[in-house]
Amino acid sequence: MALERTFSILKPDATRRNLTGAVNAMIEAAGLRIVAQKRIHMTRAQAETFYGVHKERPFFGELVDFMTSAPVVVQVLEGDNAIQVYRDVMGATNPANAADGTIRKVHAVSVGENTVHGSDAPETAAQEIAQFFSGNEIVG
């Protein structure tokens with residue numbers, strides 16, 4: 001097993017419904033440690049940078065508007081194969097297709113309001129973590 005870190009966002013639909021504790025409990029039950037966490041109100045510039053890969057897609061503006069509509073919780077998670085473990089516990093992007101017991105099956109409202117984001121690869125995890133956390137904020 002490879003100890004690694006991944007990045008997580010508890011999105012505005014989660015913070016509006018006070019689900020931070022419930023989602024964190026699911027993350028920890030999956031064997032992941034939360035080694036950094038903070039609640040922020042993402043700026044438009046932060047959201048546009050973070051989702052820049054989608055800039056040419058028709059949903060980009062709506063996504064940025066959503067991510068800046070309310071506070072989010074940004075996190076660094078650590079554990080064996082953390083990226084894949086977190087992707088598994090998040091469930092499919094569309095909550096209707098998510099496996100039972102996953103965060104999105106239990107908590108997501110829709111494809112757009114799907115409660116959480118998680119990194120998809122080590123390179124993106126490193127980039128996403130660096131956007132929101134300095135090294136001394138990560139305590140593992």
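The shown structure was predicted, so the numbers you read here are calculated from the model rather than taken from an experiment.

*Asks:* In this structure, what is going on with the overall build of the protein chain? I would like to understand it.
*Replies:* Of the regular secondary structure elements, the protein chain holds seven helices and four strands. Each helix and strand of the protein chain, placed in order from N terminus to C terminus, yields the pattern β-α-α-β-α-α-β-α-α-β-α. Expected size for 140 residues packed as a compact globule is a radius of gyration near 14 Å; at 14 Å, the protein chain falls within 12% of this value. The principal-axis extent of the C-alpha atoms belonging to the protein chain is close to 40 × 35 × 25 Å. Counting every position in the protein chain, which comprises 140 residues, the buried fraction comes to 46%.

*Asks:* How should I be thinking about the environment of A29 in this particular structure?
*Replies:* Here A29 is to be found in helix α2 (residues 20-29). Judged by its relative accessible area of 70%, A29 falls in the exposed class. Spatially, the C-alpha atoms of A29 and V89 are 9.5 Å apart, while their sequence positions differ by 60 residues.

*Asks:* Got a minute to help me understand the UniProt feature "binding site: ATP" (unreviewed entry) in the protein chain in this structure?
*Replies:* Taking the UniProt record as the reference, the feature "binding site: ATP" (unreviewed entry) is found at K11, F59, R87, T93, R104 and N114. Here the residues from the annotation list that line the largest pocket are K11, F59, R87, T93, R104 and N114. Locating F59 in the fold gives a position in the loop between α3 (44-50) and α4 (60-67). Position of T93 relative to the elements: it lies in the loop between α5 (82-90) and α6 (103-107). Judged by its relative accessible area of 45%, T93 falls in the partly exposed class. Those residues in contact with T93 that lie beyond four places of it in its chain are R104, V111 and N114.

*Asks:* Sorry if this is basic, but what is going on with the layout of surface pockets here?
*Replies:* The probe, sized like a water molecule, is rolled over the atoms to show the empty space still left. Here the largest pocket is characterised by a volume of approximately 800 Å³. Contributing to the lining of the largest pocket are 28 residues, with K11, Y51, H54, L63 and H117 lying nearest its centre. Of all the secondary structure elements, the ones that give two or more residues to the lining of the largest pocket are α3, α4, α5, β4 (116-118) and α7 (122-132). Per element, the largest residue contribution to the lining of the largest pocket is four residues, and it comes from α7. Looking at the lining of the largest pocket residue by residue, the class counts come to nine nonpolar, twelve polar and seven charged.

*Asks:* What should I look at first to understand the pairing of strand β3 (residues 72-80) in this one?
*Replies:* Across a regular strand the side chains alternate sides, sitting on one face of the sheet and then on the other. Burial analysis of β3 places eight of its nine residues in the buried class, the great majority of the element. Sheet analysis places strand β1 (residues 3-10) next to β3, joined by eight bridges and oriented antiparallel. Of the residues in β3, the one forming a bridge with I9 is V74. Of the pairings in the sheet, the one linking strand β2 (residues 33-40) to β3 comprises seven bridges and is antiparallel in character. Bridged to I34 within β3 is L77.

Parameters at a glance
- Residues numbered from 1 in each chain as written.
- Predicted model: local features only at pLDDT ≥ 70, side-chain atom pairs only at ≥ 80, totals over all residues.
- Heavy atoms only, no water.
- Helix = DSSP H or I, 4+ residues; strand = E, 2+ residues; numbered from the N terminus.
- Rg over C-alpha atoms; globule rule 2.2 N^0.38 Å.
- Buried < 20%, exposed > 50% of the residue type's maximum accessible area, 1.4 Å probe, protein only.
- UniProt positions renumbered as here; feature names shortened; annotations may be inferred.
- 1 Å grid on protein atoms, 1.4 Å probe; cavity = no way out; pocket = protein on both sides within 12 Å on 5 of 7 lines; lining within 4 Å.
- Contact = heavy atoms within 4.5 Å.
- Points joined across faces, edges and corners; volume = space filled by probe spheres on them.
- Nonpolar A, V, L, I, M, F, W, Y, C, P; charged D, E, K, R; others polar.
- Pairing = 2+ DSSP bridges.

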